[in-house]
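# Architecture at a glance
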Amino acid sequence: SVNATIRYDGSNLMGKSKTARWLPTWNVSGAWNMDQETFWPENDYITAARIRATYGLVANLGRNASAPAVFYNEIARRRFENEQENLTYISTLANQELTWEKLNETNLGFDLSFIKDRINLTVDLYKRNSYDLIGTVRTSGIGGQFVKTANYAEMKARGLELTVAGNPIQKDKFQWRTQFNMAFNKNEITRIENKPRIFDVVDDNGGALLGRTQAGLYSIQFAGLDPTYGYPYYIDNSGTKNTYLNLQSTALNYLKYEGTIDPTFTGGFYNQFKYNNFSLSVLFTFAAGNVIRLPQAFSATYPDIYAMTQSMVNRWVKPGDEAFTNVPSLLDSWSANRVV
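My aim in this report is to walk through the structure given alongside it, one point at a time. Please read these numbers as outputs of a predicted model, since none were measured by experiment.

## Considering unusual backbone geometry
- Positive phi outside glycine occurs at aspartate 132, with the angle close to 60°.
- Checked against the element boundaries, aspartate 132 lands in strand β7 (residues 119-138).
- Phi is positive for asparagine 276, which is not a glycine, with a value near 55°.
- By the secondary structure assignment, asparagine 276 is in the loop between β15 (265-275) and β16 (278-288).
- The exposure class of asparagine 276 is partly exposed, given its relative accessible area of 45%.

Rendered as structure tokens:
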């Protein structure tokens with residue numbers, strides 16, 4: 001069997017550009033039921049076999065994508081009410097070059113049934129190429145905006161999805177249905193025009209850098225504690241040990257890549273038990289392959305209203321403590337001013 005679909009979408013969010021407002025998307029798919037061929041032997045072990053393949057183009061508008069100019073009303077700021085009047089201001093300039101985010105996807109799947117359809121196996125392999133991805137780009141401001149929405153990146157992804165399901169017990173009064181599924185996904189940014197700052201990529205939500213995942217977690221490298229006051233040292237923008245960091249710098253090579261914040265391995269285990277008119281369902285889910293940033297536990301100052309974590313018990317207190325702890329000291333105002 002072969003199927004083909006095509007659709008033609010348009011949106012006013014893409015502005016007046018005819019090439020950007022309208023976009024045709026399409027999909028071609030096919031399936032081959034091998035168990036229905038004459039060469040397929042009749043048996044009770046592999047009772048059904050099917051191969052599926054899909055290739056197509058899909059698109060979306062992204063988040064907060066808007067090509068036309070956006071205007072809002074406001075009340076003029078005047079000292080007296082009788083002097084106030086309605087104003088119209090430009091929130092966003094027109095962006096005629098903005099277009100849809102696009103995704104080409106290739107999918108290959110297998111469906112198998114075993115032991116008179118008591119066990120079902122589904123396997124899907126896919127590869128996705130995303131381009132014209134929408135995001136914010138910092139500019140010189142010559143066009144009227146220092147931050148502009150643009151089609152600034154491309155990304156590729158590949159993955160595997162596996163599902164095993166079956167009915168181990170099928171009695172008149174008691175039935176047991178079970179299903180196990182798992183998925184593996186990996187993505188990589190192949191092109192990006194934005195140059196993020198250190199402040200952007202060390203965020204808990206991750207940052208996007210060329211050759212890495214779309215939501216990679218990065219860290220400033222810790223370089224030990226000062227032996228005199230116990231404040232922390234870091235590897236700065238030039239790669240040397242320092243206590244000062246310029247978080248606005250775009251020199252990111254010295255940052256440590258921790259991993260992706262999105263799980264690369266996910267799955268679940270589902271069971272349903274039925275006895276007469278009663279049923280019980282149990283679902284377990286799991287995720288792995290990602291990293292997270294621990295909650296902030298340290299502060300530059302500690303007023304009386306702050307609550308400290310238990311780790312502060314092992315903080316630096318006197319010279320020599322830096323040999324067995326990496327918890328900074330509590331600096332008094334005099335010591336803090338000397339560090340700055």
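Having seen it, we continue.
## Quick look at the sheet that holds strand β3 (residues 46-60)
- Read across the sheet, 9 strands follow the order β1-β2-β3-β6-β7-β8-β9-β15-β16 without closing on themselves; strand pairing throughout is antiparallel. In the strand order of this sheet, the two ends are held by β1 (2-10) and β16, each with one partner. Sheet twist, expressed as the average angle between the axes of neighbouring strands with direction ignored, equals 10°.
- Pairing between strand β2 (residues 22-33) and β3: 8 bridges, direction antiparallel.

## With respect to a nonpolar patch on the surface
- Taken together, the side chains of Ile115, Ile119, Val164, Phe180, Phe269, Phe284 and Phe286 present a nonpolar region at the surface, about 570 Å² in accessible area.
- Note that phenylalanine 286 resides in strand β16.
- Owing to a relative accessible area of 32%, phenylalanine 286 belongs among the partly exposed residues under this scheme.

## Side note on the packing of aromatic side chains
- One pass over the structure, following the stated rule, counts 12 aromatic pairs.
- Ring geometry for tryptophan 32 and phenylalanine 39: centres 6.4 Å apart, planes at 65°, overall edge-to-face.
- Overall, phenylalanine 39 belongs to the exposed group, its relative accessible area being 54%.
- Both rings, one in phenylalanine 180 and one in phenylalanine 286, keep their centres 6.3 Å apart while their planes meet at 20°; by these two values the pair is stacked. Taken as a pair, phenylalanine 180 in strand β9 (residues 174-192) and phenylalanine 286 in strand β16 lie far apart in primary sequence, 106 residues in all.
- Among the residues examined, phenylalanine 180 registers a relative accessible area of 30% and is labelled partly exposed.
- By way of ring pairs, the aromatic residues Phe180, Phe265, Phe269 and Phe286 are connected into one cluster.
- Across from the ring centre of tyrosine 233, 4.7 Å away, lies the NZ or CZ of lysine 241, which sits over that ring.

What counts, and at which threshold
Residues numbered from 1 in each chain as written. Predicted model: local features only at pLDDT ≥ 70, side-chain atom pairs only at ≥ 80, totals over all residues. Heavy atoms only, no water. Helix = DSSP H or I, 4+ residues; strand = E, 2+ residues; numbered from the N terminus. Buried < 20%, exposed > 50% of the residue type's maximum accessible area, 1.4 Å probe, protein only. Pairing = 2+ DSSP bridges. Axes fitted to C-alpha atoms, helices over the stretch in contact; angles between N-to-C directions. Patch = residues over 30% accessible without salt bridge, like charges linked within 9 Å, V, L, I, M, F, W, Y side chains within 5 Å. Areas by Shrake-Rupley, 256 points an atom, 1.4 Å probe, with all protein chains shown as cover. Salt bridge = Lys/Arg side-chain N within 4 Å of Asp/Glu carboxyl O. Phe/Tyr/Trp six-rings, centres within 6.5 Å; stacked < 30°, edge-to-face > 60°. Lys NZ or Arg CZ within 6 Å of the ring centre and 35° of its normal.

These figures capture arrangement, not role.
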